[in-house]
Amino acid sequence: GTAAKFAAHSGTSFDLRRGDGTSVPMVLREVIEHKSHAKTEQFSLVFATRNGAALPEGMYTMRHGSLGAASMFLAPLGQAESASLRADFNLLRA
């Protein structure tokens with residue numbers, strides 16, 4: 001599934017693009033698989049900024065050398081702004 005594709009790249013670099021066009025280097029720290037059903041796949045991705053920069057929640061484009069680019073809503077862990085952010089997914093299975 002999709003979670004397994006991300007899990008294979010745990011610990012690798014991603015490039016977060018902000019709305020103003022600037023980028024922030026990120027690393028995929030963890031893939032958390034949640035209880036899924038026959039028709040859905042549920043998981044979370046936890047990213048951390050490489051430079052410790054705190055970011056607010058929002059839509060960001062995440063780019064990876066092998067996985068390509070995808071838009072994700074990222075929410076900080078624990079604070080209004082944080083160097084660790086999480087994306088939650090609830091995907092329908094084909």
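Residues numbered from 1 in each chain as written. Predicted model: local features only at pLDDT ≥ 70, side-chain atom pairs only at ≥ 80, totals over all residues. Heavy atoms only, no water.

Asker: For this particular structure, what's the right way to read the overall build of the protein?
Answerer: Scanning the protein for helices and strands turns up 1 helix and 8 strands. Scanning the protein from its N terminus toward the C terminus, one meets helices and strands in the order α-β-β-β-β-β-β-β-β. Against the 2.2 N^0.38 benchmark of 12 Å for 94 residues, the protein shows a C-alpha radius of gyration of 13 Å, consistent with a compact globule. Principal axes of the C-alpha set define a box for the protein whose edges measure 40 × 30 × 20 Å. Counting across all 94 residues of the protein, residues that qualify as buried make up 32%. (Helix = DSSP H or I, 4+ residues; strand = E, 2+ residues; numbered from the N terminus. Rg over C-alpha atoms; globule rule 2.2 N^0.38 Å. Buried < 20%, exposed > 50% of the residue type's maximum accessible area, 1.4 Å probe, protein only.)

Asker: Just checking my understanding: could you explain the sheet that holds strand β3 (residues 40-49) for this structure?
Answerer: Pairing between the strands of a sheet comes from backbone hydrogen bonds, and it takes one of two forms, parallel or antiparallel. A barrel is described by the order of its strands in space; here 6 strands give the closed sequence β1-β2-β3-β8-β6-β5, paired in antiparallel fashion. Strand-to-strand twist across the sheet, computed as the mean angle between neighbouring axes with direction ignored, equals 45°. Relative to β3, strand β2 (residues 23-33) runs antiparallel, the two being bridged by 7 bridges. Each bridged residue has a counterpart across the sheet, and for leucine 28 the counterpart in β3 is phenylalanine 47. (Pairing = 2+ DSSP bridges. Axes fitted to C-alpha atoms, helices over the stretch in contact; angles between N-to-C directions.)

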